[in-house]
Amino acid sequence: MTSNQVDHTDDGHYIVVKGRRWRATDPSIPDALKTELVSALMTGRRLVKSDGDAARVMVHDAKVALGERGDPWWEPTEQGTRDRLAATMRTLLRSRGGSSICPSDAARTVGGDDWRELMATAREVALDLRADRVVAVTQRGEVVSGTDLRGPIRIIAGAALDFRPGPDGSATAT
């Protein structure tokens, strides 16, 4: 085994590194989203070195989004799915800076091939995060309120989204 290879348990749920077992990343995450989430995780880890515990929220959210923390991805619960969708939304918003995300980005991350079944839940989670001012919901580029939203929505970072990396990779705690 080279330094770039890891052993997996027979069921694929864990990796084994130096004899220690760690939960594996959810293999159903599309490659592009997995790459973005891993990049966000690495950014968070770098910021922990410079900004301490304040940056740990980035690491935690990225690990939950990847399925490495929280409820096991192979045995999802309703609350675990909602928590993972929320963590994915926060991580993607931090990762994309000022850009918006679609609820389908989070649903694809958490739901794999069955992501469409999670769209209603993803929209609900976005509205819950909006109630906490973590995100804002937009339609046609305008921030919208209310819960009876028809048609496509986008999600942008809200005032209460904590600890966002700046454009230069430094932290901006909120």
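Our subject is the structure listed above.
The sections below set out a description of the structure shown in this document.

Analysis parameters
- Residues numbered from 1 in each chain as written.
- Predicted model: local features only at pLDDT ≥ 70, side-chain atom pairs only at ≥ 80, totals over all residues.
- Heavy atoms only, no water.
- Core = buried A, V, L, I, M, F, W, Y, C linked by side-chain atoms within 4.5 Å.
- Buried < 20%, exposed > 50% of the residue type's maximum accessible area, 1.4 Å probe, protein only.
- Helix = DSSP H or I, 4+ residues; strand = E, 2+ residues; numbered from the N terminus.
- Contact = heavy atoms within 4.5 Å.
- Pairing = 2+ DSSP bridges.
- Expected span 1.5 Å × (residues − 1).
- Salt bridge = Lys/Arg side-chain N within 4 Å of Asp/Glu carboxyl O.
- Axes fitted to C-alpha atoms, helices over the stretch in contact; angles between N-to-C directions.
- Parallel < 35°, antiparallel > 145°, perpendicular 65-115°, else oblique.
- Left-handed = near helix turned anticlockwise from the far one by under 90°.
- Nonpolar A, V, L, I, M, F, W, Y, C, P; charged D, E, K, R; others polar.
- Patch = residues over 30% accessible without salt bridge, like charges linked within 9 Å, V, L, I, M, F, W, Y side chains within 5 Å.
- Areas by Shrake-Rupley, 256 points an atom, 1.4 Å probe, with all protein chains shown as cover.

Right, let's get into the nonpolar core. Among soluble globular proteins, nonpolar side chains are generally buried collectively. Counting 32 residues, the largest nonpolar core has M89, L129 and I155 as the members making the most contacts within it. Looking at this core, the elements that each hand over two or more residues are helix 1 (31–51), helix 2 (56–65), helix 3 (78–95), helix 4 (103–111) and helix 5 (119–131). Apart from the residues lying within four places of it in its own chain, the contact partners of L129 are A86, M89, R90, V134 and V135. Membership of the second largest hydrophobic core comes to 5 residues, among which are L127, V137, V144 and I153.

If you walk across this open sheet you meet the 3 strands as 1-2-3, and the pairing is antiparallel. The sheet terminates laterally at strand 1 (7–8) and strand 3 (20–23), the two strands that pair on one side only. Note: strand 1 against strand 2 (residues 14–17), 2 bridges, orientation antiparallel. Counted as the bridge partner of D7 is V16 from strand 2.

Turning our eyes to something else, we now look at helix 5. Residues spaced three or four apart along an α-helix point in a common direction, a consequence of the helix completing one turn every 3.6 residues. If you check helix 5, its first and last C-alpha atoms are 19 Å apart, about what 13 residues at 1.5 Å a residue would give, namely 18 Å. Considering only its buried residues, helix 5 is in contact with helix 3, helix 4, strand 4 (135–139) and strand 6 (154–157).

A word on the pairing of strand 3. When strand 2 meets strand 3, the two strands line up antiparallel, connected through 4 bridges. Bridging from a neighbouring strand, V17 pairs with R20 of strand 3. Two successive antiparallel strands, strand 2 and strand 3, enclose a turn made up of 2 residues, where K18 displays a positive phi of approximately 50 degrees.

What follows is about the pattern of salt bridges. Here the structure, examined in full by the defined rule, presents 11 salt bridges. Between R96 and D105 there is a salt bridge, and its shortest N-O distance comes to 2.9 Å. Residue classification places R96 among the partly exposed residues on the basis of a relative accessible area of 24%. Between R150 and D148 there is a salt bridge whose closest N-O contact spans 3.6 Å.

Here we take up the side chain of D61. Within the fold, D61 resides in helix 2. For D61, the contacting residues outside a window of four places in its chain are A87, R90, T91 and R94.

Here we have 3 strands laid out as an open sheet, ordered 5-4-6, and antiparallel in their pairing. Looking along the sheet, the strands with just one partner apiece sit at the ends: strand 5 (142–143) and strand 6. Across 2 bridges, the pairing between strand 4 and strand 5 is antiparallel. By the bridge assignment for strand 5, Q139 is matched with E142. Lying on the sheet, helix 5 is in contact with strand 4 and strand 6; it crosses strand 4 at an angle near 125 degrees.

We now examine the packing of helix 1 against helix 2. If you want to describe how two helices pack, look at the angle between their axes and the distance between the axes. Taken N-terminus to C-terminus, the directions of helix 1 and helix 2 make an angle of 155 degrees; their axes are 8 Å apart at the nearest point. With respect to each other, helix 1 and helix 2 are oriented roughly antiparallel. Two packed elements cross with a definite hand, and for helix 1 against helix 2 that hand is left-handed. Contact residues: helix 1 offers L37, A40, L41, T43, G44, R45, L47 and V48, while helix 2 offers R56, M58, V59, A62, K63 and A65. Here the contact of helix 1 with helix 2 is composed, by residue class, of 9 nonpolar, 2 polar and 3 charged.

Together, V6, V17 and W22 line one region of the surface with nonpolar side chains, adding up to about 240 Å² of accessible area. Overall, W22 belongs to the partly exposed group, its relative accessible area being 41%.

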